[in-house]
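The lines below spell out each chain.
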Amino acid sequence: MTKRWTIVLALIFVALGASGFASAAVTGGSDAGGGGGRSHGPGFAALVSELCINCMYPITIAGVPMGNSAGVPAEAYRPSLCWCKHVFGIPIPGIPYGGWIPERMIETVRSPYDSPIFGTNLGGGSSSTSAMLRGGSASDSNTGIEQGFSNMHVFRYPAGEIYGDMLAAACLSNTSGGADLVYLSEIDPSWSKDSLSLFLTPEAALFATKPAQLACMADAAASNVYQPIDPMFWCMGSWGSAYPQNGATGPTDIPRQAAFTAAHAIAMLQRRMLINKTMGADAICNAYPEPVLTKSMFKLEQLWPVPELTGDHWIGQDPNVWGEFRYRPYTGEDFVQLIWQWLDCCAY
């Protein structure tokens, strides 16, 4: 018990020290419209160095938030004790810990298999297949509405892996569980075909009605002033609908399209049980598969092309709040998003 609590306290002090260091560092940083973009992708090391340390906050210990309490998800575990271990049938009290873990990177790209994370092409697919999967924005010939399409690649974030392993030494529950995955949408036909996507999510037909979509106005407002409304899982705030779970986007502004695509990827991975639920009283002892999107369990931080060095944003939050300027024509229209996931665990 002593060893585990030493690890927990060490994590807290490291986070506190890193937060102060990050605050000093970003004073002269590039978190402005000019940014520090690179035309051939940022490279893996740069993505680690551009992590927003302040985004680890708030954390909760014994239900008490450290940092801005508005950043604690509404469904997070709040009691001061947890009971996950039993000895001879007698429950042993533990101390609940909750916090944001940088779990995954999602890159959204226009050209199939291109990777801004590695600054190169991943080398997959034939020329004909690549042509079919090519993304970008275009006007629909029938409706005249601007439409977008992007492929996405998912990678585990190394700093999050280390942080999660350290927490696992003290907590009964682990971080996200799920698969240690590298996911490429180019090999998933449901990502580019609406009919296949709808086949995998038949409930989408229930939420395609006007009343269901008009109700999303409430989620859009909540995402901007507080946090997303989890029971409205078919909505993604001001970005659009959570269905279909594929690479098609309706909004015209480029940062919104990139964030929307990343959110669709999160919804799809959770639906396929590749991301576990790690938040709330039902997950405090063990993370478990939950096929319905839990929006407030995630935050997005843009790492590329113009990074968010001092903050992140909820799913559905309007990019006019967090960075409508965060792209570069031609060289900066592929994006890398860091996905923060809330973890509740019981420490002994």
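These numbers come from a predicted model, not from an experiment.

Rules used in this analysis
- Residues numbered from 1 in each chain as written.
- Predicted model: local features only at pLDDT ≥ 70, side-chain atom pairs only at ≥ 80, totals over all residues.
- Heavy atoms only, no water.
- Buried < 20%, exposed > 50% of the residue type's maximum accessible area, 1.4 Å probe, protein only.
- Helix = DSSP H or I, 4+ residues; strand = E, 2+ residues; numbered from the N terminus.
- Pairing = 2+ DSSP bridges.
- Core = buried A, V, L, I, M, F, W, Y, C linked by side-chain atoms within 4.5 Å.
- Contact = heavy atoms within 4.5 Å.
- Phe/Tyr/Trp six-rings, centres within 6.5 Å; stacked < 30°, edge-to-face > 60°.
- Lys NZ or Arg CZ within 6 Å of the ring centre and 35° of its normal.
- Salt bridge = Lys/Arg side-chain N within 4 Å of Asp/Glu carboxyl O.
- pLDDT = per-residue confidence, 0-100.

Before going further, it helps to spend a moment on the pairing of strand β4 (residues 90-109). The side chains of a regular strand alternate between both faces of the sheet. Most of β4 sits out of view: 15 of its 20 residues are buried. Here strand β1 (residues 59-61) pairs with β4 via two bridges, running antiparallel. Residue Thr-60 lies in a different strand from β4, and its bridge partner there is Gly-98. Note: strand β3 (residues 82-87) against β4, five bridges, orientation antiparallel. Counterpart to Trp-83 in the pairing with β4 is Pro-93. Taken together, β3 and the strand that follows it, β4, pair antiparallel across an intervening segment of two residues, in which Phe-88 is found at a positive phi of about 55°. Sheet topology places β4 next to strand β9 (residues 151-156); six bridges connect them, and they run antiparallel. The partner of Glu-107 across the bridge, within β9, is His-153.

Before going further, it helps to examine the nonpolar core. By size, the foremost hydrophobic cluster in this structure holds 65 residues, and its most contacted members are Met-105, Met-236 and Trp-239. Listed by contribution, the elements that provide at least two residues to this core are β4, β9, α4 (158-168), α8 (254-271), β14 (298-304) and β16 (335-347). The element best represented in this core is α8, accounting for nine residues. Each residue touching Met-236, except ones within four places of it in the same chain, is listed here: Asp-219, Ser-241, Ala-242, Phe-260, Ala-263, His-264, Ala-267, Leu-293, Ile-315 and Gly-316.

A ring pair, where both rings are aromatic, is described by two values, the distance of the centres and the angle of the planes. This model, assessed by the stated rule, comprises seven aromatic pairs. Measuring from centroid to centroid gives 6.0 Å for Phe-207 and Tyr-243, while their planes differ by 10°, and the two rings are stacked. Here Tyr-243 lies in the loop between α7 (216-225) and β11 (248-249) and Phe-207 lies in the loop between α5 (194-200) and α6 (210-214), a separation of 36 residues in the sequence. There is no split in this pair, since Phe-207 and Tyr-243 are both buried. Positioned over the ring face of Tyr-348 is Lys-85, at 5.0 Å from the centre of the ring. The side chain of Lys-299 reaches across the aromatic face of Trp-314, ending 4.4 Å from its centre.

Let us look at the pattern of salt bridges. In total, this model carries eleven salt bridges according to the counting rule given. Two residues, Glu-103 and Arg-156, come together in a salt bridge whose shortest N-O distance is 2.8 Å. Of the two residues, Glu-103 sits in strand β4 while Arg-156 sits in strand β9, which places them 53 residues apart along the sequence. On the accessibility criterion, Arg-156 (15% relative accessible area) is buried.

We now examine unusual backbone geometry. With an omega of -5°, the peptide bond between Tyr-243 and Pro-244 qualifies as cis. Within the element layout of this structure, Pro-244 appears in the loop between α7 and β11. For the peptide bond that leads from Trp-304 to Pro-305, omega is 10°, which places it in the cis range. For Pro-305, the position within the fold is in the loop between β14 and β15 (313-314).

Attention now moves to the pairing of β14. Counting buried residues in β14 gives seven out of seven residues, a clear majority hidden from the surface. Two strands pair when backbone bridges link them, and β14 and β16 are joined in this way by six bridges, in the antiparallel orientation. Following the sheet pairing, Leu-300 is matched in β16 by Ile-339. As judged from the two bridges shared by β14 and β15, these two strands associate in the antiparallel manner. Following the sheet pairing, Lys-299 is matched in β15 by Trp-314.

Another point: the confidence of the model for the protein. On average, residues of the protein score 80 in pLDDT, and 76% of them reach the 70 mark or higher. At the low end of the mean pLDDT range in the protein sits helix α1 (residues 2-25), at 37; at the high end sits β15, at 97. Low pLDDT, under 50, characterises residues 1-39; the predicted model gives this stretch 56 contacts beyond four residues in sequence or across chains. Confidence drops under pLDDT 50 across residues 138-145; counting only partners more than four residues distant or on other chains, this segment forms eight contacts.

Let us look at the environment of Asn-68. In this structure, Asn-68 sits in the loop between β2 (64-66) and β3. As a C-alpha pair, Asn-68 and Pro-58 span ten residues in sequence and 5.7 Å in three-dimensional space.

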